[in-house]
Amino acid sequence: MELIRFLLRTSGRRMAIAIVTGMVSGVSSAGLIALISRSLHQQESPAGGWLVAGFVGLVLVALATSIVSQLVLVRLSQGAVYQIRVRLVRQILNSELSRLEQLGSPRLMASLTQDVHAITDAIERIPFVCIDLATAVGCLAYITWLSWAGLALMVALCSLAGFTCIRFVRWGERWLMRARDEEDHLFRHFRSTTEGIKELKLHQRRRMAFLDEQVEPTAQHFRDLSIRGLNWFAVSSSVGKLIFFVAAGIILFALPQLVASSRELISSYILTFTFMMLPVDNIVNNLPYLSRSNVALRKINALGLSLSLHPEPLAGSEPQQEAWRVLRLDGVVYPYRSGEDEDTFTLGPLDLTIRRGEVLFLIGGNGSGKSTLAKLITGLYAPERGEVRIDGLLIDDANREWYRQHFSAVFADFHLFEQLLGLEHRQLDRQAAHYLHKLRLTQKVRVENGRLSTLELSQGQRKRLALLTAYLEDRPICLFDEWAADQDPLFKDLFYREILPDLQSKGKTVIVISHDDRYFDSADRLVKLEEGRILSDTSRRPPHGGGPALMSEIP
Ligand SMILES: Nc1ncnc2c1ncn2[C@@H]1O[C@H](COP(=O)(O)OP(=O)(O)OP(=O)(O)O)[C@@H](O)[C@H]1O
């Protein structure tokens, strides 16, 4: 079973301790049955001292080993859940952006929530299932010890039960796997529900169509596939219980006819089967949860495999190249693909040279490739063909992470973190307060211990906060993707006339994606894109230092 293999990989030593102590507990429980059975048969004569001592001893051993086994398994299972969560997030973070975009956030969210939940659910049951299993195995061992005919019957029935149940569970799993694939589509609709709530609320017919034509059919399909899968589990559970009762019936009624059996033997069987009933019931009832976790693990492994096919090496420790001079893109090509080979849009081939200290505007119509080029320049995408070099140094998989550390960027679909993560200024709060004042956000936001007091702001204000982060990062190259689009005229002016010259005066190179032709005169250079190619590259003036020192006097 995949879950057990996963737990063994997580900590084989702990698993071994849990199995050994669990088995001791199970055998002790079976020993207790044997002892109770024997004491019942000695009703006539008072129980000997050794029986009482044996009873107390076995109770203590069964309890102590059961507790140890469960404690170890609780630790092991929670450790495994922790590892799965962290490993998955790490794998996502270490994967190429283009791969993550292809997979889509609903697929990632489904694994991070549903699959992790299914595994957690199953793993939390493992300690109890293990003890039940150990008790059942102990009881079977006792039945075997009582009579060899009992052993033969048990082996035959256990094989039959195992074979039949596993077959049904496998069929069930196949349906659950299909249901799980459907769940990815369902998550896409969940995302549309939360992110498109305004559009859905405003338009009743759209909302009805969304519900009737998208959410309901997908949810129904998911439900039907799940029902089919769970039906097989129900069959498997009933067949398992049926075989158990058949075993009990044969041993109680048929065995005495076939093999000479004393009343003592029969009553021992009755006691053992009664004792076994609860653990067997628990094991059978937990099978669907364990099976679901198999499906979830397969899904997570498939995601992990697909992510690991596009890994990115971790960051090198080299410092940024503050004094870089030239960044060159030579013949770079980046295609977006929808299917196997079908290109939907291709950026390039294009050549571009960016010099240190210049303010470069990327302009062009919607869909001309500006944001794609920005992701190539910043190293978020790797070109399929062509080269990116910084001062002649070729940027490849080995140093792309290092190269990215040269950039601060505010993309159009930026994300704000509540905490100013990864910024190690000694006076972070003071610096942040200074920039908040300059960005006219003091009335709205405070920064305490590097944490922003609120993110409940207008889109324009949120963008100003993103700009604050870029300032605090203090990286040599800044990139703003239509930053000013949501700003009022005052802040548009502030951005183009003061912030950009200020960044330039600090020696930063600034790349701005802009549609604001009123402010194109703020650029040293205008690079115009059309259909993924550079249409024109116009230098308006050589890169200069200077400009008003808006942000320069940091306290
Ligand atoms: N993740 C993606 N997957 C597939 N195609 C994409 C993806 N992102 C962008 N595209 C396609 O690439 C083309 C260029 O998009 P890009 O976002 O670079 O344009 P842009 O010039 O920044 O446009 P805008 O001014 O509207 O922001 C578009 O035709 C778009 O459909």
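Being a predicted model, the structure only gives us computed values, none of them experimental.

### Some points on the site of the ligand
Part 1 of the reasoning: Around the ligand sit Glu 101, Tyr 336, Thr 344, Phe 345, Gly 364, Asn 366, Gly 367, Ser 368, Gly 369, Lys 370, Ser 371 and Thr 372, and those are all the residues in its vicinity.
Part 2 of the reasoning: The biggest single contributor to the shell around the ligand is helix α10 (residues 370–377), with 3 residues.
Part 3 of the reasoning: Classifying every residue of the shell around the ligand by side-chain character gives 2 nonpolar, 8 polar and 2 charged.

### Some remarks on the environment of Leu 350
Part 1 of the reasoning: Following the sequence through the fold, Leu 350 ends up in strand β2 (residues 343–355).
Part 2 of the reasoning: Residue class for Leu 350 comes out buried when judged on the 22 C-beta atoms lying within 10 Å of it.
Part 3 of the reasoning: Considered as a pair, Leu 350 and Arg 90 are 260 residues apart in the sequence and their alpha carbons are 33 Å apart.
Part 4 of the reasoning: Setting aside residues no more than four positions away along its own chain, Leu 350 makes contact with Leu 329, Val 332, Arg 533 and Ile 534.

### As for the sheet that holds strand β9 (residues 477–481)
Part 1 of the reasoning: The 6 strands lie next to each other as β6-β9-β10-β3-β11-β12, forming an open sheet whose pairing is mixed. Among the strands making up the open sheet, the edge pair consists of β6 (407–410) and β12 (533–539). Sheet twist, expressed as the mean angle between neighbouring strand axes with direction ignored, is 15°.
Part 2 of the reasoning: Of the pairings in the sheet, the one linking β9 to strand β10 (residues 509–513) comprises 5 bridges and is parallel in character. If you follow Ile 477 over to β10, its bridge partner there is Thr 509.
Part 3 of the reasoning: Its contacts with the sheet put helix α13 (residues 459–473) on β6 and β9, and the angle it makes with β6 is roughly 180°.
Part 4 of the reasoning: Across the sheet, helix α14 (residues 489–505) touches β3 (359–364), β9 and β10, and the angle it forms with β10 is around 150°.

### Examining the nonpolar core
Part 1 of the reasoning: Ranked by size, the top nonpolar core spans 59 residues in total, and within it Cys 130 and Cys 139 carry the most contacts.
Part 2 of the reasoning: For this core, the elements supplying multiple residues, two or more each, are α1 (2–10), α2 (12–41), α3 (49–93), α5 (105–146), α6 (148–195), α8 (204–258) and α9 (263–308).
Part 3 of the reasoning: Looking at this core element by element, the count peaks at 16 residues for α5.
Part 4 of the reasoning: Residue contacts for Cys 130: discarding those within four places in its chain leaves Ala 18, Gly 22, Ser 69 and Leu 73.
Part 5 of the reasoning: Within the second largest apolar cluster, 55 residues are counted, among which are Leu 362, Leu 494, Val 510 and Val 527.

### Describing the pairing of strand β11 (residues 525–530)
Part 1 of the reasoning: Because side chains alternate across β11, one face comprises the buried residues Arg 525, Val 527 and Leu 529, and the other comprises Leu 526, Lys 528 and Glu 530, none of which is buried.
Part 2 of the reasoning: Of the pairings in the sheet, the one linking β3 to β11 comprises 5 bridges and is parallel in character. Within β11, the residue paired with Leu 362 across the bridge is Val 527.
Part 3 of the reasoning: Examined bridge by bridge, β11 and β12 share 6 bridges and lie antiparallel to one another. Each residue of the ladder has a partner; that of Leu 526, found in β12, is Thr 538.
Part 4 of the reasoning: As consecutive antiparallel partners, β11 and β12 are separated by 2 residues, and within that stretch Glu 531 has a phi angle of approximately 50°, a positive value.

Reading the values: the criteria
Residues numbered from 1 in each chain as written. Predicted model: local features only at pLDDT ≥ 70, side-chain atom pairs only at ≥ 80, totals over all residues. Near = placed C-beta within 6 Å. Helix = DSSP H or I, 4+ residues; strand = E, 2+ residues; numbered from the N terminus. Nonpolar A, V, L, I, M, F, W, Y, C, P; charged D, E, K, R; others polar. Buried ≥ 20, exposed ≤ 12 C-beta atoms within 10 Å, placed from the backbone. Contact = placed C-beta atoms within 7 Å. Pairing = 2+ DSSP bridges. Axes fitted to C-alpha atoms, helices over the stretch in contact; angles between N-to-C directions. Core = buried A, V, L, I, M, F, W, Y, C linked by C-beta atoms within 7 Å.

Treat this as a map of the structure, not an account of what it does.
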